[in-house]
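If you want the building blocks of each chain, they are given just below.
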Amino acid sequence: MKFLKILISWKFWLNLVLIGAISYGLYFFIFNIWLSSYTNHGEAIEVPDLKNMNIKEATARLESLGLTYEVDSVRFDPKVKPFAVMDFYPNAGFKVKEGRRIFIKSNPRTYAPVELPNLLGKSKRLAFTQLKISDLVIKDIIYEPDLAKDAVLRILYNGKEIKPGTVLPRFAKIDLVLGRGLMHNVPMPNLIGLDLQTAREILKQNFFELGQIQFLGGTNDTISGRIVYQFPLTKDRYDQGLPVDIWISTKSSSEIASEIRALDREYKNFKDDTISGSLFNDYLEQNKVEKSVVEQPKVVTPRETHTPPVEQPEGIEIE
């Protein structure tokens, strides 16, 4: 029994030694023989200094060393040459295995392009803010007559109109066309002799509204008829947005001369003053009233006489 115990104890320690030897052998084989062979026998490649190299030169250098790379063009820096390496990782001098990927950041050729934001109909202040955020520069501001004062009507680049979403170079200079709003005291265009459709277009171009349409000579023909009178009159000063009345006729001016003279009396300027038809009428009415009012002497009736009777003293006769 005692011998058996010794034998078992001896075999236990022998097995323990064998297991340790096998484990060490496997560890040595994996980490010193197989892994070393798999990783090119422990050979390391030192990352070269790529700073300020041209990107083509840098990638060619990495390829010659058996290294791969990934290039990213960052935001353009005008202080650095185009296509120059600005940064890379791992850093210069770092030892890596063959085939390791090197991450490179290079300066692009120029600024990245930007899209024109949708500014149409937006206020001038909002348009300025959005253009500044988009790195676009306002070159000129052009005003055109329009109801929407200071609203963006169009956008121009190099003299040509462009639409929202157009890709432009960063810091490109653009022109904004803004609404000027309606103007006051604007000279009236001449509509005499025009057909109705042409007159509508001219009034629209000058931001006037078409008012009442009346006819002279007994016919209501708007197709062959021509404008023979307008109010306000040609070259009169008028505010944009207000209506303009017109008279249309198919007859010659000599045939409707009396009717034209009647309109002149009603609407034409009085002497050197610019007086509209309504003011002219007011002026005439005022003159009529002033002429009809004549100051008359006040007539005192007997009832209005309050002279008290004179009492006569006794014994005196008054003739």
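Residues numbered from 1 in each chain as written. Predicted model: local features only at pLDDT ≥ 70, side-chain atom pairs only at ≥ 80, totals over all residues. Heavy atoms only, no water.

### Notes on the overall build of the protein chain
We apply this condition: Put simply, DSSP H or I for four residues or longer makes a helix, DSSP E for two residues or longer makes a strand, and each gets a number counted from the N terminus. Think of it in three bands: with a 1.4 Å probe and only protein chains considered, a residue is buried below 20% of the maximum accessible area for its type, exposed above 50%, and partly exposed in between. Any two residues having at least one pair of non-hydrogen atoms within 4.5 Å are treated as being in contact. Accessible areas in this description were obtained via Shrake-Rupley with a 1.4 Å probe; residue shielding takes into account the shown protein chains only.
A count of helical and extended segments in the protein chain gives six helices and 16 strands. Within the span of the protein chain, comprising 319 residues, buried residues form 24% of the whole. Of the contacts made within the protein chain by residues no fewer than 6 positions apart, 69% connect residues no fewer than 24 positions apart. Working note: accessible area of the protein chain is about 23,000 Å², and carbon and sulfur atoms make up 56% of it.

### Observations regarding the pattern of salt bridges
When the charged atoms of two side chains with opposite charge come close together, those side chains can pair. Short version of the rule: What makes a salt bridge here is a side-chain nitrogen of Lys or Arg within 4 Å of a carboxyl oxygen of Asp or Glu, nothing more.
Here the structure, examined in full by the defined rule, presents five salt bridges. The salt bridge involving R101 is made with E70; its shortest N-O contact spans 3.3 Å. In this pair, R101 is assigned in strand β5 (residues 101–106) and E70 in strand β2 (residues 68–73), connecting sequence segments 31 residues apart. On the accessibility criterion, E70 (39% relative accessible area) is partly exposed.

### Examining the sheet that holds strand β3 (residues 85–89)
For clarity, the threshold we go by: What makes two strands pair is DSSP finding at least two bridges between them. What counts as an axis is a line fitted to C-alpha atoms, over the stretch in contact for a helix, and the angles between N-to-C directions run from 0 to 180 degrees.
On the basis of which strands lie adjacent, the open sheet formed by three strands has the order β2-β5-β3 and mixed pairing. Across the chains shown, the open sheet's two edge strands, defined by having one partner strand only, are β2 and β3. Looking at each pair of strands side by side, their axes are set apart by 25° on average, direction ignored. Both β3 and β5 contribute to a ladder of four bridges, which runs antiparallel. Following the sheet pairing, Y89 is matched in β5 by F103. Each of β2, β3 and β5 touches helix α2 (residues 55–64); the most contacted strand, β2, lies at about 160° to it.

### Some details on the nonpolar core
Looking at soluble globular proteins, one finds that nonpolar side chains tend to be buried together. How we decide: Joining through side-chain atoms within 4.5 Å is the link that ties buried Ala, Val, Leu, Ile, Met, Phe, Trp, Tyr and Cys residues into a set, and such a set is a nonpolar core.
Core analysis: the largest hydrophobic core is formed by 14 residues, its most contacted members being L116, I155 and L176. Of all the secondary structure elements, the ones that give two or more residues to this core are α3 (124–133), β8 (152–157) and β11 (173–179). With three residues, the single largest contributor to this core is β11. Residues contacting L176, with those up to four places away along its chain left out, are L119, A127, F128, L131, I138, D140, I141, I142, V152, R154 and I155.

### A closer look at the sheet that holds strand β14 (residues 226–231)
What the three strands build is an open sheet, ordered β13-β16-β14; its pairing is mixed. Bordering the open sheet on either side are β13 (209–215) and β14, each of which pairs with just one other strand. The sheet shows a mean angle of 30° between the axes of neighbouring strands, taken without regard to direction. In the packing of helix α5 (residues 257–267) onto the sheet, the strands contacted are β14 and β16 (243–249), and the crossing angle to β14 comes to about 20°.

### Remarks on unusual backbone geometry
The residue after Y89, namely P90, is reached through a cis peptide bond having omega 0°. Structurally, P90 is set in the loop between β3 and β4 (95–96). A cis amide bond, omega 5°, links F231 with the succeeding residue P232. Here the phi dihedral of N52 falls at roughly 70°; this positive angle occurs in a residue that is not glycine. Relative to the helices and strands, N52 resides in the loop between β1 (45–46) and α2. Here the phi dihedral of F83 falls at roughly 70°; this positive angle occurs in a residue that is not glycine. In this structure, F83 sits in the loop between β2 and β3. Residue F83 is classed as partly exposed on the basis of its relative accessible area of 38%.

### Overview of the packing of aromatic side chains
This is how it is decided: Pairing of aromatic rings covers Phe, Tyr and Trp, the last counted by its six-membered ring, and requires centre-to-centre distances within 6.5 Å; plane angles under 30 degrees mean stacked, over 60 mean edge-to-face, and any other angle means tilted.
Tallied over the full model, the rule gives five aromatic pairs. Look at Y229 and Y267: their rings are 6.5 Å apart centre to centre, the planes differ by 45°, and that puts the pair in the tilted class. In this pair, Y229 is assigned in strand β14 and Y267 in helix α5, connecting sequence segments 38 residues apart. Side by side, Y229 and Y267 carry an identical accessibility label, which is buried. Judged by centre distance (5.6 Å) and plane angle (55°), the ring pair of W247 and Y267 falls under tilted. Separated by 20 residues along the polypeptide, W247 in strand β16 and Y267 in helix α5 bring together distant segments of the chain. The class of Y267 is buried, set by a relative accessible area of 14%. Among the aromatic residues, ring-to-ring pairing joins Y229, F231, W247 and Y267 into one connected group.

### Some details on the confidence of the model for the protein chain
One rule of thumb: low pLDDT means the predicted coordinates there are not for detailed reading. Stated precisely, the cut-off is as follows: What pLDDT reports is the predictor's confidence in each residue, on a scale of 0 through 100.
Per-residue confidence for the protein chain averages 78 on the pLDDT scale, and 71% of its residues sit at or above 70. Ranking the elements of the protein chain by mean pLDDT puts helix α6 (residues 277–292) last with 48 and β8 first with 95. Confidence drops under a pLDDT of 50 for residues 270–281, and excluding neighbours within four residues, the segment shows 15 contacts in the predicted structure. This model gives residues 291–319 a pLDDT under 50, and the stretch forms three contacts once residues within four places in sequence are excluded.

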